[in-house]
Amino acid sequence: SQTIHQWPATLVQPVGSPLSLECTVEGTSNPNLYWYRQAAGRGLQLLFYSVGIGQISSEVPQNLSASRPQDRQFILSSKKLLLSDSGFYLCAWSSTLSPLHFGNGTRLTVT
Amino acid sequence: SQQGEEDPQALSIQEGENATMNCSYKTSINNLQWYRQNSGRGLVHLILIRSNEREKHSGRLRVTLDTSKKSSSLLITASRAADTASYFCATDRNTGNQFYFGTGTSLTVIP
């Protein structure tokens with residue numbers, strides 16, 4: 001069966017520090033991969049999606065970037081965090097015609 | 001960016017009652033999906049309805065889709081306290097691999 005791992009679960013970082021969140025998927029090949037952000041009490045905003053290694057599409061210009069160095073690995077990064085980067089970050093995967101399968105999320109607080 | 005909105009934003013009902021949530025979206029779609037999110041966790045897929053379908057059932061869930069009105073509804077019958085969660089609709093804007101979420105309905109079922 002397929003599983004998705006996302007870590008860390010919580011993270012507190014100072015403004016201006018770098019960020020790296022990692023997500024890995026097991027049990028499937030060539031998945032579509034996604035990063036979403038959820039502000040407190042709000043809906044999900046699609047940040048990045050990827051249909052293959054090295055193929056990243058960005059939805060919203062921002063202080064973040066994403067990379068897919070391996071088929072089942074998706075990384076969300078920032079060189080310098082802003083206060084506005086605080087939120088709940090969710091990684092997800094899907095395959096053709098399948099729904100999204102989410103990780104448990106990372107709660108990021110930028111102080 | 002958000003694809004649409006759910007209403008109501010919050011709903012509180014007694015156990016055993018039915019809960020109805022609505023979702024409106026803005027663009028044409030291939031399919032519409034409903035997800036559930038327990039507080040502080042990732043989303044879990046509930047049901048998918050394709051653009052050529054009008055109604056779909058899964059256990060106590062009933063979803064309808066009206067593409068002419070660009071709207072969908074999720075009905076949870078005979079609600080239970082364990083149904084307390086946030087519910088989101090998501091559409092693919094005819095892309096097939098990018099999913100956009102609404103703002104969510106927070107459901108509280110009172111025992």
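Quick caveat: nothing in here was measured; it's all calculated off a predicted structure. (Residues numbered from 1 in each chain as written. Chains lettered and ligands numbered in written order. Predicted model: local features only at pLDDT ≥ 70, side-chain atom pairs only at ≥ 80, totals over all residues. Heavy atoms only, no water.)

**Let's talk about the overall build of chain A**
Part 1: What chain A contains, in helices and strands, is 0 helices and 11 strands.
Part 2: Reading the helices (α) and strands (β) of chain A from amino to carboxyl end gives β-β-β-β-β-β-β-β-β-β-β.
Part 3: The C-alpha atoms of chain A give a radius of gyration of 13 Å, which matches the 13 Å a tight globule of 111 residues would have.
Part 4: Dimensions of chain A, computed from C-alpha atoms along their principal axes, come out at roughly 40 × 25 × 20 Å.
Part 5: Looking at chain A as a whole, 50% of its 111 residues are labelled buried.
Part 6: Residue pairs at least 24 apart in sequence account for 53% of intrachain contacts in chain A once pairs closer than 6 positions are excluded.
Part 7: By element, 52% of the accessible surface of chain A is carried by carbon and sulfur atoms, the whole surface being about 5100 Å². (Helix = DSSP H or I, 4+ residues; strand = E, 2+ residues; numbered from the N terminus. Rg over C-alpha atoms; globule rule 2.2 N^0.38 Å. Buried < 20%, exposed > 50% of the residue type's maximum accessible area, 1.4 Å probe, protein only. Contact = heavy atoms within 4.5 Å. Areas by Shrake-Rupley, 256 points an atom, 1.4 Å probe, with all protein chains shown as cover.)

**Section: the pairing of strand 5 (residues 43-50) of chain B**
Residue and element names in this part refer to chain B.
Part 1: Where strand 4 (residues 31-37) lies against strand 5, 7 bridges are found, and the strand directions are antiparallel. Across the sheet, tryptophan 34 pairs through a bridge with isoleucine 47, a residue of strand 5.
Part 2: In this antiparallel pair of consecutive strands, strand 4 and strand 5, the connection spans 5 residues, and glycine 40 shows a positive phi of 75°. (Pairing = 2+ DSSP bridges.)

**Considering the nonpolar core**
Part 1: The biggest cluster of nonpolar side chains holds 21 residues, and the ones touching the most others in it are B:Met21, B:Leu32, B:Trp34, B:Leu74, B:Ile76, B:Tyr87 and B:Leu107.
Part 2: Those elements that place two or more of their residues in this core are strand 2 (10-14), strand 3 (19-25), strand 4, strand 5, strand 7 (61-66), strand 8 (71-76), strand 9 (85-91) and strand 11 (105-110) of chain B.
Part 3: Residue contributions to this core peak at 4 residues, all from strand 3 of chain B.
Part 4: Residues in contact with B:Tyr87, not counting those within four places in the same chain, are B:Glu6, B:Met21, B:Tyr35, B:Arg36, B:Leu46, B:Leu74, B:Ile76, B:Gly104, B:Thr105 and B:Leu107.
Part 5: Membership of the second largest hydrophobic core comes to 20 residues, among which are A:Phe48, A:Leu64, A:Ala66 and A:Leu81. (Core = buried A, V, L, I, M, F, W, Y, C linked by side-chain atoms within 4.5 Å.)

**Quick notes on the interface of chain A and chain B**
Part 1: At the interface, 24 residues of chain A touch 19 residues of chain B.
Part 2: At the boundary of chain A with chain B, total buried surface from both sides reaches about 1700 Å², with 52% on carbon and sulfur atoms.
Part 3: Put simply, chain A and chain B have 0 salt bridges between them.
Part 4: If you look at where chain A meets chain B, you find 6 residue pairs in polar contact (both at pLDDT 80 or more).
Part 5: Contributing elements (two or more residues each) for the side of chain A that touches chain B: strand 4 (32-38), strand 5 (44-52) and strand 9 (87-94) of chain A.
Part 6: Per element, the largest residue contribution to the side of chain A that touches chain B is 5 residues, and it comes from strand 5 of chain A.
Part 7: Residue classes in the side of chain A that touches chain B are distributed as 13 nonpolar, 8 polar and 3 charged. (Buried area = accessible area lost by both parts, 1.4 Å probe. Salt bridge = Lys/Arg side-chain N within 4 Å of Asp/Glu carboxyl O. Polar contact = N/O pair within 3.5 Å; in protein donor to acceptor, adjacent residues only side chain to side chain. Nonpolar A, V, L, I, M, F, W, Y, C, P; charged D, E, K, R; others polar.)

**Here we look at the side chain of B:Glu6**
Residue and element names in this part refer to chain B.
Part 1: Mapped onto the elements, glutamate 6 comes out in strand 1 (residues 4-7).
Part 2: For glutamate 6, a relative accessible area of 2% gives the class buried.
Part 3: For glutamate 6, the side chain forms a polar contact with the main-chain nitrogen of threonine 103, separated by 2.6 Å.
Part 4: Separated by 2.7 Å, the side chain of glutamate 6 and the backbone nitrogen of glycine 104 make a polar contact.
Part 5: Look past the residues within four positions of glutamate 6 in its chain and what remains in contact with it is Asn22, Cys23, Trp34, Tyr87, Phe88, Cys89, Gly102, Thr103, Gly104 and Thr105.

**Observations regarding the sheet that holds strand 1 (residues 3-7) of chain A**
All names here are of chain A.
Part 1: As summarised here, the arrangement of the 4 strands in space is 1-3-8-7, forming an open sheet in which the pairing is antiparallel. The open sheet has two free edges, formed respectively by strand 1 and strand 7 (65-70), since each of these has just one partner strand. For this sheet the average axis-to-axis angle between neighbouring strands, irrespective of direction, equals 20°.
Part 2: Summarising the sheet, strand 7 and strand 8 (residues 73-78) pair through 4 bridges and their orientation is antiparallel. Among the inter-strand pairings, glutamine 70 is bridged to a residue of strand 8, identified as glutamine 73. (Axes fitted to C-alpha atoms, helices over the stretch in contact; angles between N-to-C directions.)

Interpretation in functional terms is not warranted from these geometric data alone.
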